[in-house]
Amino acid sequence: MTADIAAIMAGPSGSDHMIDPQSFATVRFSTADLPENMRVATWREHYGRAVLRADIAPADDASFDAAVVSRTLPGLQLVSGRFTAARIIRTREMIADGNDDLSLLVNQTGNVSVHARGREVTLREN
């Protein structure tokens, strides 16, 4: 199963500093550009640890595929992408980073299930 998502993530509100237009760069990342045996490890390290600050594991042994396009603005990050089924977990150690960013997830295709504090929410396509 593949899900297509769009997300808006907002961090703490801005500052009085001048913004460098170069900081608005768009970043694209796709596992299709990698050898299949490196896809999961690279995705986990790059996107999971560096971007989401979460642990990512494929949901099954099927071929893993993920692609995202990210655009960062002052206090806001816009992300769209697609990926095969995966489990994304923020462990207690990861939560200790103090990050309290807000995420708005719009599920465009497929199903996405979110589990938190003993509750589950499933987003389905229209």
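All chains use their own residue numbering, which begins from 1 and follows the written sequence. Under the rules for a predicted model, residues below a pLDDT of 70 receive no local features and side-chain atom pairs below 80 are neither given nor counted, while totals for whole chains, interfaces and linings still include all residues. In computing side-chain properties, one takes all heavy atoms of the structure into account and sets aside hydrogens as well as water.

**Focus on the overall build of the protein**
Right, so step 1: A helix here means a DSSP run of H or I that spans at least four residues, while a strand means a run of E at least two residues long, and both kinds are numbered starting from the N terminus. What the protein contains, in helices and strands, is two helices and nine strands.
Right, so step 2: Helices and strands in the protein line up, N terminus first, as β-β-α-β-β-β-β-α-β-β-β.
Right, so step 3: Classification of residues uses two cut-offs on accessible area relative to the type maximum, computed with a 1.4 Å probe and protein chains only: under 20% is buried, over 50% is exposed, and between them is partly exposed. In the protein, which comprises 126 residues, the proportion classed as buried is 21%.
Right, so step 4: Within the protein, residue pairs in contact and separated by at least 24 positions form 65% of the contacts whose partners lie at least 6 positions apart.
Right, so step 5: Only the protein chains shown count as cover for residues, with accessible areas throughout obtained via the Shrake-Rupley method and a probe of 1.4 Å. A total accessible area of about 8900 Å² is found for the protein, and carbon and sulfur atoms account for 53% of it. For this analysis, residues touch if any pair of their heavy atoms sits within 4.5 Å.

**Comments concerning the confidence of the model for the protein**
Right, so step 1: Considering every residue of the protein, the mean pLDDT works out to 77; 79% of them sit at 70 or more.
Right, so step 2: Confidence per residue, as judged by the predictor, is encoded in pLDDT with a range of 0 to 100. The secondary-structure element of the protein with the lowest mean pLDDT is strand β1 (residues 2–10), recorded at 52, while strand β2 (residues 26–30) shows the highest, at 86.
Right, so step 3: Long-range and interchain partners of residues 13–17, a stretch whose pLDDT sits below 50, account for zero contacts in this model, where long-range means more than four residues apart.

**Some thoughts on a nonpolar patch on the surface**
Right, so step 1: Here the term patch refers to residues with relative accessible area over 30% and no salt bridge, with like charges joined within 9 Å and nonpolar side chains (Val, Leu, Ile, Met, Phe, Trp, Tyr) within 5 Å. Any carboxyl oxygen of Asp or Glu within 4 Å of a side-chain nitrogen of Lys or Arg constitutes a salt bridge here. A surface patch of nonpolar side chains, amounting to about 210 Å² of accessible area, comprises L105, V114 and V121.
Right, so step 2: Structurally, V114 can be placed in strand β8 (residues 111–116).
Right, so step 3: On the basis of relative accessible area, V114 is assigned to the partly exposed category, the value being 38%.

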